[in-house]
Amino acid sequence: MQGLMMETPLTLTSIFEHAVRYFGRKEIVTQRPEGPPHRYTYAECGRRVRRLARALQQAGIGPGDRVATFAWNTYEHLECYYAIPCLGAVMHTVNIRLHPDQLAFIINDAEDQVIFCDRSVVAALDQLAGRLPTVRLVVLMGPGSVQTCQVAETVDYEAFLASADGEVVWPELDEDSAAAMCYTSGTTGNPKGVVYSHRSSYLHSLTTALVAGDGARETDRYLPVVPMFHANAWGGIYAFMLVGADIVLPDRFLDPQHLLQFLRSERVTVTAGVPSVWTLLLAEMNRTGERLPDLHAILCGGSAAPAALIAGFDQVGLRLYHAWGMTETSPVGTHGSIKSYLRTLPEAEQLALRAKQGFPLPGVELRIVDLATGERCPEDGTTSGEIQVRGPWICRAYYHDEQDADHRFTTDGWLRTGDVGTVDAEGYLEIVDRTKDLVKSGGEWISSVQLENTIMAHPQVLEAAVIGVPHPKWSERPVAVVVPRADAGPALTQAAIQEFVRDQVASWWVPDAVVFVKEIPKTSVGKFDKKRLRTELPLPVLG
Ligand code: AMP
């Protein structure tokens, strides 16, 4: 028998319309480089979003067209978060920290037609002049005097809004149509596009709102430190606006001094970001003795949150919640809160549990699979295997990769995450390693393979392997293990290698240290054995 309920499509438009209609007086605040923060209401934001969508329509953007953003966390970017997908176009959030070659690759792969770009980062786009044939318009946002971008015809954001002949009439959208896309660093080759649907974004928003910290509330003031170019800023903006919370946006001012001051003055109650940000904030709080009495939840993910960090925040009266996910999982997959009956455990055991990555959100199924046998592992808290997930906001194929070249999707419908972990009897996941060897520095990926290839192009280098080494500030930093060629002279030093790669990769990819060895251990199939490198080599202590 069929159900007799309405088949209302689950779309971001319904999140937007609900938020601006029922919470019209709630506030969105944005830090500005000078002067007081910019403030306006959901209702004003709503009017501007509808005009922006209409202006895009007039510029010839329609269903399925890709429109990029290249921007920090601001109200203009937030307006794009609704105007583009609710129009039926696809919002492609581009990571402003990528190397020009990667930027060119992903913008061309997505075939973006328009780019909304912050004035503060336009120089990074200018470098791509002549390399982005599909881009026909750049819209410049935010304060500053820059009026042109070398990539394409340029228009000012406010002038673009003013050019709209009215407000958009939202199209009826299929809930399975694409809403947004985001590229993730591939383990091999080029970055891979993950395409979120309206339905997946809606369900992810609803569910993250349910679990974020103690659950998102209308009384919250939410500040995402996580950049809006990372997996939809972890979905927090949609989730917190769904419940009518105030939104506080830090623009690009993420250093601990600014952040502490802004969190305090805006009486932020919930914030989200990677461990390296929180490590610095905690140090700043300890240095200054300043406290954040309004803040009740720090959401932390992207890399493992050390137990010492969680305990450090406990001591200054702040609660850190550990979550795990990836671009492919929209991104939140698990969230760590201590179930009520576990709160009687001794402090040390509770801390160990909170340092785990939490248990799956409702809707996400998770299993661990033995890497050698492919069998499902027991959930005993000690047996580790590859984490595989499935659910309504988990990607089932990469954009332009229906054949699944890297075998990331199992034949029975699960995503192979590339992370290795254990699950205990209560369902708490603990990430113990990852099968992929990317280095994650300050929440950003560095491809070890790409860096190795760059170093190995040096005429005096025979082999190079790059591994991530723990770093107190950045979580991990790359260290290169290099075998010099037999004829290499004393000029082949750490500094020489750093200098050599500096021109060819983003500056933050340059390895922190170079260790010279006679030979790199190999696996049975001839790949660098990075496990042995990590355990057998005397690696430098960074930081
Ligand atoms: P990204 O797609 O850039 O968001 O990176 C996803 C990857 O970050 C995951 O596959 C994990 O390897 C890592 N990651 C995310 N959250 C955590 C966490 N809480 N603990 C450990 N690793 C994490």
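Residues numbered from 1 in each chain as written. Predicted model: local features only at pLDDT ≥ 70, side-chain atom pairs only at ≥ 80, totals over all residues. Heavy atoms only, no water.

A. The nonpolar core, seen in detail. Core analysis: the biggest nonpolar cluster contains 116 residues, and Ile 28, Leu 78, Phe 116, Trp 278 and Phe 313 have the highest contact counts within it. Of the residues forming this core, the biggest block, eight residues, is contributed by helix 3 (residues 75-86). Counting 27 residues, the second largest nonpolar core, distinct from the first, contains Leu 125, Leu 128, Ala 152 and Met 181. (Core = buried A, V, L, I, M, F, W, Y, C linked by side-chain atoms within 4.5 Å. Buried < 20%, exposed > 50% of the residue type's maximum accessible area, 1.4 Å probe, protein only. Helix = DSSP H or I, 4+ residues; strand = E, 2+ residues; numbered from the N terminus.)

B. Structural view of the sheet that holds strand 16 (residues 359-360). The strand order across the open sheet built from nine strands is 2-1-11-10-12-13-14-15-16, with neighbouring strands paired in mixed fashion. The sheet is open, and its two edges are formed by strand 2 (38-41) and strand 16, each paired on a single side. In the sheet, strand 10 (residues 221-224) pairs with strand 11 (residues 246-249) via two bridges, with the strands oriented parallel. Along strand 11, the bridge assignment pairs Tyr 222 with Ile 247. (Pairing = 2+ DSSP bridges.)

C. Focus on the packing of helix 1 (residues 12-22) against helix 2 (residues 42-58). Across the interface, helix 1 lies against helix 2 with an axial gap of 8 Å and an inter-helix angle of 140 degrees. Overall, the two elements helix 1 and helix 2 adopt an arrangement that is oblique. Along this stretch, helix 1 crosses helix 2, giving a crossing that reads as left-handed. On helix 2, the residues touching Phe 16, Glu 17, Ala 19 and Val 20 of helix 1 are Tyr 42, Gly 46, Val 49 and Arg 50. By residue class, the composition of the contact of helix 1 with helix 2 is five nonpolar, one polar and two charged. (Axes fitted to C-alpha atoms, helices over the stretch in contact; angles between N-to-C directions. Parallel < 35°, antiparallel > 145°, perpendicular 65-115°, else oblique. Left-handed = near helix turned anticlockwise from the far one by under 90°. Contact = heavy atoms within 4.5 Å. Nonpolar A, V, L, I, M, F, W, Y, C, P; charged D, E, K, R; others polar.)

D. The arrangement of the packing of aromatic side chains in detail. Overall, the coordinates contain twelve aromatic pairs when judged by the stated rule. Ring geometry for Tyr 40 against Tyr 75: centres 5.2 Å apart, planes inclined by 65 degrees, an arrangement best described as edge-to-face. On the criterion of sequence distance, the pair formed by Tyr 40 in strand 2 and Tyr 75 in helix 3 is long-range, its members being 35 residues apart. Ring centres of Phe 359 and Tyr 428 lie 5.3 Å apart, and the angle between their planes is 85 degrees; this geometry places the pair in the edge-to-face category. Of this pair, Phe 359 sits in strand 16 while Tyr 428 is found in the loop between strand 19 (415-423) and strand 20 (429-434), placing the two residues 69 residues apart along the sequence. Judged by its relative accessible area of 1%, Tyr 428 falls in the buried class. Through a chain of ring-to-ring contacts, the aromatic side chains of Phe 16, Tyr 81, Tyr 82, Trp 170 and Tyr 238 assemble into a single cluster. (Phe/Tyr/Trp six-rings, centres within 6.5 Å; stacked < 30°, edge-to-face > 60°.)

E. Geometry of unusual backbone geometry. In this model, Ser 330 is joined to Pro 331 through a cis peptide bond whose omega is 10 degrees. Its place among the elements puts Pro 331 in the loop between strand 14 (320-325) and strand 15 (332-335). Despite not being glycine, Trp 234 shows a phi value in the positive range, around 60 degrees. Within the element layout of this structure, Trp 234 appears in the loop between strand 10 and helix 8 (236-242). Even without glycine at this site, Asp 404 takes up a positive phi of about 55 degrees. Turning to its location among the elements, Asp 404 is positioned in the loop between strand 18 (385-390) and strand 19.

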